[in-house]
Amino acid sequence: MKLVQTALSSTKIPVYLGAFRATTSVPKPPKSYCTYTTMTKEVFHTDDVFAAYETFVYLNMWTTTDPTANIAKVRNAMRTNGFSMVEEREEYDEETGLNLVIWTWSIQQEADA
């Protein structure tokens, strides 16, 4: 979803749709990166005509470093671009040494004319 990519571009954190996939130019995951998926549903009709939809963004940030500064960057970027936070939680996996921040964001948009 272009809206998510645009919103997070100011954070300078690499963003991948679905999952990180190694490439020849990026063979290993960055120290911090985000992955996301989306779900869109119709939320408003006027006179039986579709008028608006809401998109939920399931955003994960993976990092080997303290996530505090990047959390603030992501929150600011998403809010600045019209998204509302639905949920946020943090986890740490001792086995992999990765911090994981899990968000659900939403945005409502009018139907295309």
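Keep in mind the model is a prediction, meaning the values are calculated, not measured.

1. A word on the pairing of strand β3 (residues 49–63)
- One ladder, built from 14 bridges, connects strand β2 (residues 32–46) with β3; its direction is antiparallel. By the bridge assignment for β3, F44 is matched with A52.
- Between the end of β2 and the start of β3, which pair antiparallel, lie two residues, with D47 showing a positive phi angle near 50°.
- Two elements, β3 and strand β5 (residues 98–110), share twelve bridges in a ladder whose sense is antiparallel. Each bridged residue has a counterpart across the sheet, and for Y58 the counterpart in β5 is T104.

2. Describing the environment of C34
- Mapping C34 onto the fold places it in strand β2.
- When its relative accessible area of 1% is taken as the criterion, C34 is described as buried.
- Between the C-alpha atoms of C34 and M61, which are 27 residues apart in sequence, the distance is 4.2 Å.
- Once residues lying within four places of it in the same chain are set aside, the contact partners of C34 are I13, P14, V15, Y16, L59, N60, M61 and V74.

3. Side note on the sheet that holds β2
- Taken together, five strands build an open sheet; the order of strands is β1-β2-β3-β5-β4 and the sheet is mixed. This sheet does not close on itself; its edge strands, each paired only once, are β1 (15–17) and β4 (84–93). The sheet shows a mean angle of 25° between the axes of neighbouring strands, taken without regard to direction.
- Packed onto the sheet, helix α2 (residues 68–80) meets β2, β3, β4 and β5 and runs at close to 5° relative to β5.

4. Focus: the side chain of S32
- Looking at the element boundaries, S32 is found in strand β2.
- On the basis of relative accessibility, which here comes to 14%, the residue S32 falls in the buried class.
- Side chain to side chain, S32 and T63 meet in a polar contact 2.6 Å long.

5. Quick look at the nonpolar core
- Formed by 19 residues in total, the largest nonpolar core has its most connected members in L8, L59, M61, V74, F83 and W103.
- Secondary structure elements with two or more residues in this core: α1 (2–9), β2, β3, α2 and β5.

6. Quick word on the packing of aromatic side chains
- For the structure on display, the rule yields four aromatic pairs.
- Taking the centre distance of 5.2 Å and the plane angle of 85° together, the rings of Y16 and F20 count as edge-to-face.
- Taking relative accessible area as the criterion, F20 reaches 17% and is therefore assigned buried.
- Within the aromatic cluster, the residues linked to one another by ring pairs are Y16, F20 and Y33.

The rules behind these values
- Residues numbered from 1 in each chain as written.
- Predicted model: local features only at pLDDT ≥ 70, side-chain atom pairs only at ≥ 80, totals over all residues.
- Heavy atoms only, no water.
- Pairing = 2+ DSSP bridges.
- Helix = DSSP H or I, 4+ residues; strand = E, 2+ residues; numbered from the N terminus.
- Buried < 20%, exposed > 50% of the residue type's maximum accessible area, 1.4 Å probe, protein only.
- Contact = heavy atoms within 4.5 Å.
- Axes fitted to C-alpha atoms, helices over the stretch in contact; angles between N-to-C directions.
- Polar contact = N/O pair within 3.5 Å; in protein donor to acceptor, adjacent residues only side chain to side chain.
- Core = buried A, V, L, I, M, F, W, Y, C linked by side-chain atoms within 4.5 Å.
- Phe/Tyr/Trp six-rings, centres within 6.5 Å; stacked < 30°, edge-to-face > 60°.

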